[in-house]
Amino acid sequence: MSGREVPDMIANERPVIADSLWSATANAAPDCPPLVGEVKADVAIVGGGFTGLSAALHAAEAGLSAVVLEAESPGWGASGRNGGQVDPGLYVDPDEVEARFGPDIGARMVDYMGRSARMVFDLIERHGIQCDARPVGWIRAAHNAATLRDIHGKVDQWQRRGADLRFLDRDALARMLGTGVYAGGLIDMRGGNLHPLNYTIGLAEAAIRAGAAVHGQSRVVIAGQEGATHVLRTSRGAVRAGRVLLCTNGYTDGLAPPLAQEVVPVRSVQVATDPLPPEVAASILPGRQAPSDLRRLLLYFRMDAAGRFIMGGRGGYGDRVTRARMEALRRVSVKMYPQLAPFGWRHAWGGFVAVTPDHYPRLVRMGPGMMAGLGYNGRGVAQATAMGKLMAEWAAGRPEAELDFPVTDPQPIPFHGLRRLGVAATVLKYRMLDGLGL
Ligand SMILES: Cc1cc2nc3c(=O)[nH]c(=O)nc-3n(C[C@H](O)[C@H](O)[C@H](O)COP(=O)(O)OP(=O)(O)OC[C@H]3O[C@@H](n4cnc5c(N)ncnc54)[C@H](O)[C@@H]3O)c2cc1C
């Protein structure tokens, strides 16, 4: 497919979080010209990340005409910026999901999202997506005795459902990580990692090849209706469609109130070294898994394909706090891996994770013919891909009740305008508890 150079930095982003390793090492992207003029489609999709592009690909494969409208370029949002960890399952453990939603839909949610990582690796294989995909398992690391008990619970619950998860004691985990700082953990063999922006670019290419239209620089500014037809307007064009899918997650604007109040956007940031000398690179995460730990303010880390070390964690809303968090991530990296001390740090970037109060994603009924999918709580590589597929099935006519995830009316978070203050206070409290090892 034709190649367009991706800029080294995230375009139209605040400099403190714009220097993304993934942008600097991106493959050429397909041409996604702005929408000009008026077009008709079966389904119009707002947002060109994993959710929107997976929806477009699956809708096109089901024979629908699909148009994606992305305000910037495909992968500009969280999908092009994240840690690239492909972690299966919901944030909430399976027993709890089934207890809350019951044995029918609860079990279907667990099963469907449990298969989401496999879905990602299958798509990559089927469409020949070049994104350094490594289905080598996903590690969760416990930093104290209480979280280690949690790990046992997770392993037990998933093993009872036939998933390939294994408990790792302190020594086994230390061998996999190349550091002995954690008490133990698990490896979930369904998961792995990838280059997230290149996965997004590959999804866009696959969607276009399947017949979808993908437009960049096409922010939807008005969503209206004429009879049963939805009309989405950008500054230079319009799409008329029978069905609309809103896939804007942590970047949701005021287009379709009250969707923005469904989630709290929380900033997560990462820092990365230059490529390390081979002997140093080989000493860190030799199996190339990408772990995350069980701290309340979790750390996630990995190596990339060229031997750079990457560390991620919670960022701040303001530039000063964000810079301080990035520096803290560099410090904690050297504590974990003292061999990193002599080497410089090249990239630092971040983006918005969309958090929901109960940590479940949402499939939201926004009115006749309109649905939104969002709120992956930092686990969207697999979940958003899977949610996009469900949304495409709905757009193709599958009834809500047959989807493997419950569709709900909007649930705006009360006092949403004050949530940033709430997040800042919670971060302080969590930092203290994590620091005390609680
Ligand atoms: C720093 C960071 C690290 C993360 N690490 C991981 C990880 O390791 N593993 C994991 O599974 N998940 C991770 N996540 C979460 C994951 O990236 C997201 O859950 C996922 O990318 C969500 O995809 P999406 O398509 O729903 O949203 P996004 O990728 O955010 O896409 C939304 C798009 O909507 C567009 N948009 C918004 N409004 C409009 C409009 N009016 N018109 C047109 N377009 C519009 C935006 O420009 C944006 O591109 C991380 C997130 C961040 C920020």
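Residues numbered from 1 in each chain as written. Predicted model: local features only at pLDDT ≥ 70, side-chain atom pairs only at ≥ 80, totals over all residues. Heavy atoms only, no water.

## Topic: the overall build of the protein chain
Assigned secondary structure in the protein chain consists of 12 helices and 20 strands. A globule of 438 residues ought to have a C-alpha radius of gyration of about 22 Å, and the protein chain, at 21 Å, matches this closely. Principal-axis analysis of the C-alpha atoms places the extent of the protein chain at approximately 65 × 50 × 45 Å. Put simply, the protein chain has 438 residues, and 57% of those count as buried. When contacts within the protein chain are restricted to residue pairs at least 6 apart in sequence, long-range pairs at least 24 apart make up 75% of them. (Helix = DSSP H or I, 4+ residues; strand = E, 2+ residues; numbered from the N terminus. Rg over C-alpha atoms; globule rule 2.2 N^0.38 Å. Buried < 20%, exposed > 50% of the residue type's maximum accessible area, 1.4 Å probe, protein only. Contact = heavy atoms within 4.5 Å.)

## Brief notes about the site of the ligand
Taken together, 37 residues surround the ligand, and among them T51, E70, S79, D253 and V381 come closest. One of the backbone nitrogen or oxygen atoms of G83 is found 3.0 Å away from a nitrogen atom of the ligand. Burial of the ligand by the protein amounts to 98% of the accessible area it has alone, namely 1000 Å². Looking at the shell around the ligand, the elements with two or more residues in it are α2 (50-61), β13 (264-273), β17 (345-355) and α11 (380-395). (Near = heavy atom within 4 Å. Polar contact = N/O pair within 3.5 Å; in protein donor to acceptor, adjacent residues only side chain to side chain. Areas by Shrake-Rupley, 256 points an atom, 1.4 Å probe, with all protein chains shown as cover.)

## Thoughts on the side chain of T200
Of note, T200 is situated in helix α8 (residues 196-209). With relative accessibility at 0%, the residue T200 sits in the buried group. In this structure, T200 is in contact with G48, G49, F50, L53, P74, G75, S79 and G80, ignoring residues within four places of it in sequence.

## Overview of the domain arrangement of the protein chain
Its domain assignment divides the protein chain into domain 1 (1-132 + 194-266 + 354-438) and domain 2 (138-189). Listed per partner, the contact involves 15 residues of domain 1 and 10 residues of domain 2. Between domain 1 and domain 2 lies a buried interface of about 1100 Å² when both sides are counted; carbon and sulfur atoms form 46% of it. Contact with domain 2 buries surface across domain 1, with D93, P94 and D95 losing the most and accounting together for 41% of the total. Ionic pairing is found between D95 and R161, a salt bridge with its closest N-O pair at 2.9 Å. For the pair domain 1 and domain 2, the number of links is 6 residue pairs in polar contact (both at pLDDT 80 or more). Among the elements that take part in the side of domain 1 that touches domain 2, helix α3 (residues 94-101) stands out by supplying 3 residues, more than any other. When grouped by side-chain class, the residues that make up the side of domain 1 that touches domain 2 number 5 nonpolar, 4 polar and 6 charged. (Domains from an automatic or database assignment. Buried area = accessible area lost by both parts, 1.4 Å probe. Salt bridge = Lys/Arg side-chain N within 4 Å of Asp/Glu carboxyl O. Nonpolar A, V, L, I, M, F, W, Y, C, P; charged D, E, K, R; others polar.)

## Points about the packing of aromatic side chains
Tallying each qualifying case throughout the model produces 11 aromatic pairs. Here the aromatic rings of W22 and W349 are separated by 6.2 Å at their centres, their planes lie at 80 degrees, and the arrangement is edge-to-face. Here W22, found in helix α1 (residues 21-24), pairs with W349, found in strand β17; they are 327 residues apart in sequence, far enough to count as distant. Judged by its relative accessible area of 1%, W22 is buried. Ring centres of F50 and Y199 lie 5.3 Å apart, and the angle between their planes is 40 degrees; on these two criteria the pair is classed as tilted. Taken together, the residues F50 in helix α2 and Y199 in helix α8 connect sequence positions 149 residues apart. Using a relative accessible area of 0% as the deciding quantity, one classes Y199 as buried. (Phe/Tyr/Trp six-rings, centres within 6.5 Å; stacked < 30°, edge-to-face > 60°.)

## Some words on the nonpolar core
Formed by 67 residues in total, the largest nonpolar core has its most connected members in I45, Y199, L245 and L363. Within the residue set of this core, elements represented by two or more residues are β2 (37-46), α2, β3 (66-69), α4 (105-114), α5 (116-126), α6 (145-160), α8 and α11. A total of 10 residues in this core trace back to one element, the largest contributor, which is α11. When we break this core down by domain, the ones giving at least three residues each are domain 1 (1-132 + 194-266 + 354-438) and domain 2 (138-189). Core analysis: the next-biggest nonpolar cluster, separate from the first, contains 28 residues, V271, L285, F309 and M326 among them. (Core = buried A, V, L, I, M, F, W, Y, C linked by side-chain atoms within 4.5 Å.)

## Topic: the state of the cysteines
One pass over the full model with this rule turns up 0 disulfides. Not engaged in a disulfide, the cysteine C32 finds its nearest cysteine sulfur in C247; these two sulfurs lie 15 Å apart. Judged by its relative accessible area of 8%, C32 falls in the buried class. Overall, C247 belongs to the buried group, its relative accessible area being 7%. (Disulfide = S-S within 2.5 Å.)

## Focus on unusual backbone geometry
The omega angle of the peptide bond from P257 to P258 is 5 degrees, so this bond is cis rather than trans. Topologically, P258 is positioned in the loop between β12 (237-246) and β13. Positive phi, close to 45 degrees, is recorded for L285, a residue that is not glycine. Turning to its location among the elements, L285 is positioned in the loop between α9 (278-283) and β14 (292-293). What makes L285 buried here is its relative accessible area of 0%.

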